[in-house]
Amino acid sequence: MSDRTVRVDTTSQVPPYEQIRAQLAALIRTGRLTEGERLPTVRQLAADLGLAPGTVARAYRELEAVELIRTRRGAGTRVAAPPSGPQAHDAPQLSTLARDFTSAARALGADTEDILTAVRNALNSEPVVDSGAGGHRTTEASVKVTGVSRRREAQA
């Protein structure tokens, strides 16, 4: 798996646009996507992930709102210059994500220790994609400087 891969689990409780937004934001904030790099068009990324263009457009709009990307007619969508000064995280959004994850994990039957272990593992490693058990459908697309690879994988 590429270190610049966007994955969407269509069976997740997290909306696809939020999965895309969060993953692209992480790629940008960790420097795996750098200033000036061109992102795929909305239509290209949507096609590669098997999603509606409006889903990707919403993710891009939200990334533009926090100034992580910029879109200019004729120049496409590119990673914006990093903001100067220290970055503060969005505490309310982090709390919402934590509540959503905890609720979903409890619905799976996980106890507190299971949830904490999963978070520690996620912080220390690449995400593991379900190989198909439980009906999960995950698509991925590798984000490249000039766009997205044509490769699409789906687990049924």
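Scope of this entry: the structure provided in the associated data block. Bear in mind the structure is a predicted one, so any value in this text is a computation, not a measurement.

## Some words on the nonpolar core
- In this structure, Ile 20, Leu 24, Leu 33, Leu 49 and Tyr 60 are the most contacted members of the largest nonpolar core, which totals 21 residues.
- Taken together, the elements giving at least two residues each to this core come down to strand S1 (5-9), helix H1 (16-29), helix H2 (42-49) and helix H3 (53-65).
- Broken down by element, the residue count for this core peaks at 6 residues, all from H1.

## Some details on the environment of Pro 53
- Relative to the helices and strands, Pro 53 is located in helix H3.
- Residue Pro 53 is classed as partly exposed on the basis of its relative accessible area, which comes to 42%.
- Sequence separation of Pro 53 and Arg 43 is 10 residues, and the distance between their C-alpha atoms is 5.4 Å.
- Residues in contact with Pro 53, not counting those within four places in the same chain, are Val 42 and Ala 46.

## Some words on H1
- Relative to the 20 Å expected for 14 residues at 1.5 Å per residue, H1 spans 20 Å between its end C-alpha atoms, a close match to the ideal helical length.
- Taken residue by residue, H1 has Tyr 17, Glu 18, Gln 19, Ile 20, Arg 21, Leu 24, Ala 25, Leu 27 and Ile 28 as its buried positions.
- Positioned one or two residues after H1, Gly 31 has a phi angle of 85°, which is positive.

## Section: the pattern of salt bridges
- Inspection of every chain in the model, using the stated rule, returns 3 salt bridges.
- The partner of Glu 18 in a salt bridge is Arg 21, and the shortest N-O contact between them spans 2.6 Å. Here Glu 18 and its partner Arg 21 are both found in helix H1, 3 residues apart, which amounts to about one turn of the helix. Each member of the pair, Glu 18 as well as Arg 21, is classed as buried.
- For Glu 113, the salt bridge is made with Arg 120, and the minimal N-O distance between the two is 3.7 Å.

## With respect to the packing of aromatic side chains
- Summed over all chains, the structure comprises 0 aromatic pairs.
- The ring of Tyr 17 carries Arg 58 above its face, with NZ or CZ at 3.7 Å from the centroid.

## Quick word on the pairing of strand S3 (residues 76-79)
- Examined bridge by bridge, strand S2 (residues 69-72) and S3 share 4 bridges and lie antiparallel to one another. Bridging from a neighbouring strand, Arg 70 pairs with Arg 78 of S3.
- Counted between consecutive antiparallel strands, the loop separating S2 from S3 contains 3 residues, among which Gly 74 sits at a positive phi close to 85°.

Conventions used here
- Residues numbered from 1 in each chain as written.
- Predicted model: local features only at pLDDT ≥ 70, side-chain atom pairs only at ≥ 80, totals over all residues.
- Heavy atoms only, no water.
- Core = buried A, V, L, I, M, F, W, Y, C linked by side-chain atoms within 4.5 Å.
- Buried < 20%, exposed > 50% of the residue type's maximum accessible area, 1.4 Å probe, protein only.
- Helix = DSSP H or I, 4+ residues; strand = E, 2+ residues; numbered from the N terminus.
- Contact = heavy atoms within 4.5 Å.
- Expected span 1.5 Å × (residues − 1).
- Salt bridge = Lys/Arg side-chain N within 4 Å of Asp/Glu carboxyl O.
- Phe/Tyr/Trp six-rings, centres within 6.5 Å; stacked < 30°, edge-to-face > 60°.
- Lys NZ or Arg CZ within 6 Å of the ring centre and 35° of its normal.
- Pairing = 2+ DSSP bridges.

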